[in-house]
Every structure is written in C-alpha cells, then in structure tokens.
Amino acid sequence: MATYREAKCRLCRREGGKLFLKGDRCYTSKCAFERRPQAPGQHGLGRKKVSEYGLQLREKQKTKRIYGVQESQFRRYYQMADRMRGITGENMLCLLECRLDNVIFRMGIGSSRAQARQLVNHAHFSVNGKTVNIPSYIIKAGDVIAVKENRKKEKYFQAIKEAKVGNMPKWLEFNPEKLEGKILALPQRDDIDSQIAEHMIVELYSR
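Reading guide: rules and limits
- Residues numbered from 1 in each chain as written.
- Predicted model: local features only at pLDDT ≥ 70, side-chain atom pairs only at ≥ 80, totals over all residues.
- Heavy atoms only, no water.
- Helix = DSSP H or I, 4+ residues; strand = E, 2+ residues; numbered from the N terminus.
- Expected span 1.5 Å × (residues − 1).
- Contact = heavy atoms within 4.5 Å.
- Buried < 20%, exposed > 50% of the residue type's maximum accessible area, 1.4 Å probe, protein only.
- Pairing = 2+ DSSP bridges.
- Phe/Tyr/Trp six-rings, centres within 6.5 Å; stacked < 30°, edge-to-face > 60°.
- Lys NZ or Arg CZ within 6 Å of the ring centre and 35° of its normal.
- Core = buried A, V, L, I, M, F, W, Y, C linked by side-chain atoms within 4.5 Å.

**Topic: helix 4 (residues 71-83)**
With 13 residues, helix 4 should reach 18 Å at 1.5 Å per residue; the first-to-last C-alpha distance of 19 Å fits that figure. Those residues of helix 4 hidden inside the fold are in contact with helix 3 (52-67), helix 5 (88-97) and helix 9 (198-205).

Dropping the structure here:
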C-alpha cells in the first residue's frame, strides 16, 4: 500500500465513522463526516450487501488508517502478536499503542497521530535520554519520554505547557511543566478506546 496523500476526511467517510485523523477539526462542525457521512464517490449512497470477508477487510483497513501504518507494517505487527503469549488480537493492538508516535499523541503533545509522527521524525524527543526519530519505535514499561532540552523553548512546546492536560490513559503519565512523560505499564485491551473488532482482523489473516 503506497502512502495515502489525498484528503484524510475521505477515509473516515469510507469507513463509515470518525477515525479522528485531523485532530481538533474532527470535533468541530467543519468535520467532513458530519456533513457527508456517506461513502465518497457517486455510489456512496448505494446499499450493498457486504460479505464476511468484506467486513473483515474493512476492519483491517480502518485499524491501519487509525494508526497510520501501511500493509507490510501492519502484517508484521500481526505476526509479532501471533508469536507472543496471550490473545493475538489484543497483543496486536498493544503493539500498535506502544508505537512512539501513538504514545506522543496519547500524551497530548500531538493533536493527531499524523502530527505526532511528524514531531518524532523531526527528532524533538528522547527516550531514556537518547534521541529517537523513528515513529514505529516500540516503547517499554518504565521508559521515560521527554522533549529534548534544546527544543523546549520552541513556541509549540511552550503552548503545551499552558494547555490543559486531557484524559490521560492510566498506563501513561505526563508532566507538562517538564515536558516529560513515563510509561507506567503496557496498555491492556480495556485501556484502548478505539472501536476496533480485532478478532475480525485475526480471522482475516488466519484464512
């Protein structure tokens, strides 16, 4: 799957629900899905009977788009999860949640995963004191993630210090004054608020 460079709001309309790909805009009346909830294209209003395979495929596509990963990456996460102890689907979601770009988003430093990925790519963060600019870097329990000292005076991060911290997942903590966060524990299925039927993805890859 090539990198998607078209309007992100079309993806929400295609999947039939908000994927919150554009940050704060998704919570306003400007959200394209609020105005046109049907699928994009001239046949978007048509009713089509979807097969079981089709439902599984749409669930996989939706999850890939939420986390912003491509097919080869996504399949690799599934294969890693399948080798781990426990339930494969839950393991896969845990791996996706533990991506550095997702953690930055969950801490409220990025308004969307796409923005968080860009911040990571620009080497704004350190993990346990070492610079990391790989969005797919998998964090571990106990890791300390911080904005680098030479970046803290930038306007963007100064604004974060003054902003109110939203609902923080219980497996994370973030100190806006220090611009530093810590991974308290690995996320569990109950900690992941995304409406994803992971068992359908496992069934698709198990065919």
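Structure's up, so let's keep going.
**Section: the pairing of strand 4 (residues 172-175)**
Here strand 4 shows a buried face lined by Leu172 and Phe174 and an unburied face lined by Glu173 and Asn175. When strand 4 meets strand 5 (residues 180-183), the two strands line up antiparallel, connected through four bridges. Each residue of the ladder has a partner; that of Asn175, found in strand 5, is Glu180. Hairpin connection of strand 4 to strand 5: four residues between the antiparallel strands, including Leu179 at a positive phi of 55°.

**Quick notes on the packing of aromatic side chains**
Counted according to the given criterion, the structure contains four aromatic pairs. Relative to Tyr205, the ring of Phe74 has its centre 6.2 Å away and its plane inclined at 40°; by these criteria the two rings are tilted. Highlighted residues: Phe74 in helix 4 and Tyr205 in helix 9, separated in sequence by 131 residues. Grouping residues by exposure puts Phe74 and Tyr205 together as buried. An aromatic cluster of three or more residues is present, and its members are Phe74, Tyr78 and Tyr205. If you follow Arg113 out to its NZ or CZ, it ends over the ring of Tyr67, 4.7 Å from the centre.

**Considerations on the nonpolar core**
Residues Ile109 and Ile145 are the most contacted members of the largest nonpolar core, which totals 24 residues. Elements represented by at least two residues in this core include exactly helix 6 (100-106), helix 7 (113-121), strand 1 (125-127), strand 3 (144-147), helix 8 (155-162) and strand 4. It is helix 6 that provides the largest number of residues to this core, a total of four residues. Ignoring any residue separated from it by four or fewer positions in sequence, one finds Ile109 in contact with Ile104, Leu119, Phe125, Tyr156, Phe157, Ile160 and Phe174. Within the second largest apolar cluster, 16 residues are counted, among which are Tyr67, Leu93, Ile196 and Val202.

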